[in-house]
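As a plain string of letters, each chain reads:
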Amino acid sequence: MEAYALTDIGKKRSVNQDYIYCTTEPVGSLDNLFILADGMGGQNAGDFASHFVVERLREFFGQAFPGMDVHGILKEGIRRVNRELFEEAGRRPELSGTGSTLVLATVKGSVLYVANIGDSRLYLLRDELSQITHDHSYVEELVALGRMRRGSKDYMENKNIITRAMGASGTVDPDLFAVKLRPKDSILMCSDGLSNMIDEFEMEYIIRTEESCEKRAVALVEAANRGGGRDNISVIVIEPQEGGAAL
């Protein structure tokens, strides 16, 4: 397994409210761990939230959980850390409105396990680039109801409004996914600072043409900055098996 994580402040923000964690080594009962969080709620509150979520999840997953399946471990950790962030924000007025997106992944054997809250994403590159996670956003809910067209003017103007976040309430339900991996699959995790700046065609082109995870991550961040860099940009690129993406 190969992986590389990179975060960048972008061209418009004064603080990076994204936070990432990436290891191909075991963490507790998990064989590896990849976490990406995008904070919100004002400069200090957003920065605090993303760090809090990632570091507390890393600590939680560092324990052993004999007898629990992977999704059970992920769900328990997310729910516990969500409650801790919500309670911490309630004790500190300067954290009012704080929250964070979350996309989390781990690979066990040939299965990719994923959890997400908010609009940070995980993509799988196989024959084509496919978004595995579902955005918890105002516009995507309207699209699902047939009341808005994806890519329309209203969609683009309101796409940053999310409907689910870590720390926004005392309870949270993550979406959970399990994907059977195939040889030459590649994985991309990203904040909306990437997905709002470049389209999926450019993402796929970069992942296919760059050789290493590091080169792909750097090229993706550079492309987002060329596209305007209006937000913080974070990416994690993962090759679950040796050999890389099909060219």
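Anything mentioned here points back to the structure above.
Reading the values: rules and limits
Residues numbered from 1 in each chain as written. Predicted model: local features only at pLDDT ≥ 70, side-chain atom pairs only at ≥ 80, totals over all residues. Heavy atoms only, no water. Salt bridge = Lys/Arg side-chain N within 4 Å of Asp/Glu carboxyl O. Helix = DSSP H or I, 4+ residues; strand = E, 2+ residues; numbered from the N terminus. Buried < 20%, exposed > 50% of the residue type's maximum accessible area, 1.4 Å probe, protein only. Core = buried A, V, L, I, M, F, W, Y, C linked by side-chain atoms within 4.5 Å. Contact = heavy atoms within 4.5 Å. Phe/Tyr/Trp six-rings, centres within 6.5 Å; stacked < 30°, edge-to-face > 60°. Lys NZ or Arg CZ within 6 Å of the ring centre and 35° of its normal. Pairing = 2+ DSSP bridges. Axes fitted to C-alpha atoms, helices over the stretch in contact; angles between N-to-C directions.

Novice: Explain the pattern of salt bridges to me, and be specific about the residues and the numbers.
Specialist: The tally for this structure, following the rule as stated, stands at 15 salt bridges. Residue D173 pairs with R79 through a salt bridge whose shortest N-O separation is 2.8 Å. Remark: R79 occurs in helix α2 (residues 70–91) and D173 occurs in the loop between α4 (153–158) and β9 (175–180); sequence separation between them is 94 residues. For D173, a relative accessible area of 46% corresponds to the partly exposed category. With a shortest N-O distance of 2.7 Å, R126 and D185 are connected by a salt bridge. Taken together, the residues span a long stretch of sequence, with R126 in the loop between β7 (121–125) and β8 (129–131) and D185 in the loop between β9 and β10 (186–190) at a distance of 59 residues. The buried category is assigned to D185, whose relative accessible area is 2%. The network of salt bridges with common partners includes E88, R91, R92 and E94.

Novice: I'd love a proper account of the nonpolar core, names of residues and values included.
Specialist: Residues L57, F61, I78, L102, L104 and M166 are the most contacted members of the largest nonpolar core, which totals 27 residues. Listing elements by their share of this core, those giving two or more residues are β3 (33–40), α1 (43–61), α2, β5 (102–108) and β6 (111–117). Looking at this core element by element, the count peaks at 7 residues for α1. If near-sequence neighbours (up to four positions away) are discounted, L102 is found in contact with I35, L36, V53, L57, I78, A115, N116, I117 and M166. Counting residues in each nonpolar core, the second largest holds 21 residues, with L125, C190, L194 and I233 among its members.

Novice: Give me the lowdown on the packing of aromatic side chains, citing residues and values where you can.
Specialist: Per the stated rule, a full pass over the model turns up 3 aromatic pairs. Ring geometry for F48 versus F52: centroids 5.5 Å apart, planes at 35 degrees, classification tilted. Residue F48 and its partner F52 are both found in helix α1; the two are separated by 4 residues, about one turn of the helix. For F48, a relative accessible area of 22% corresponds to the partly exposed category. Look at F52 and you get buried, because its relative accessible area is 9%. Measuring from ring centre to ring centre gives 5.0 Å for F60 and F65, while their planes differ by 35 degrees; the resulting arrangement is tilted. Three or more aromatic residues link up through ring pairs in this structure, and these residues are F60, F61 and F65. The ring centre of F48 lies 4.9 Å from the NZ or CZ of R92, which sits over that ring.

Novice: An account of the sheet that holds β7 is requested, with residue identities and associated values reported.
Specialist: Taken in spatial order, the 5 strands of this open sheet run β1-β11-β10-β7-β8, and their pairing is antiparallel. Where the open sheet ends on each side, the last strands, each with one partner, are β1 (2–8) and β8. The mean inter-strand angle of the sheet, taken between neighbouring strand axes irrespective of direction, is 20 degrees. As defined by bridge partners, β1 adjoins strand β11 (residues 233–239) across 7 bridges and the pair is classed as antiparallel. Along β11, the bridge assignment pairs T7 with S234. Running over the sheet, helix α6 (residues 200–209) touches β7, β8 and β10 and is turned about 55 degrees from β7. Its contacts with the sheet place helix α7 (residues 213–226) against β1, β10 and β11, and it is angled at close to 155 degrees to β11.

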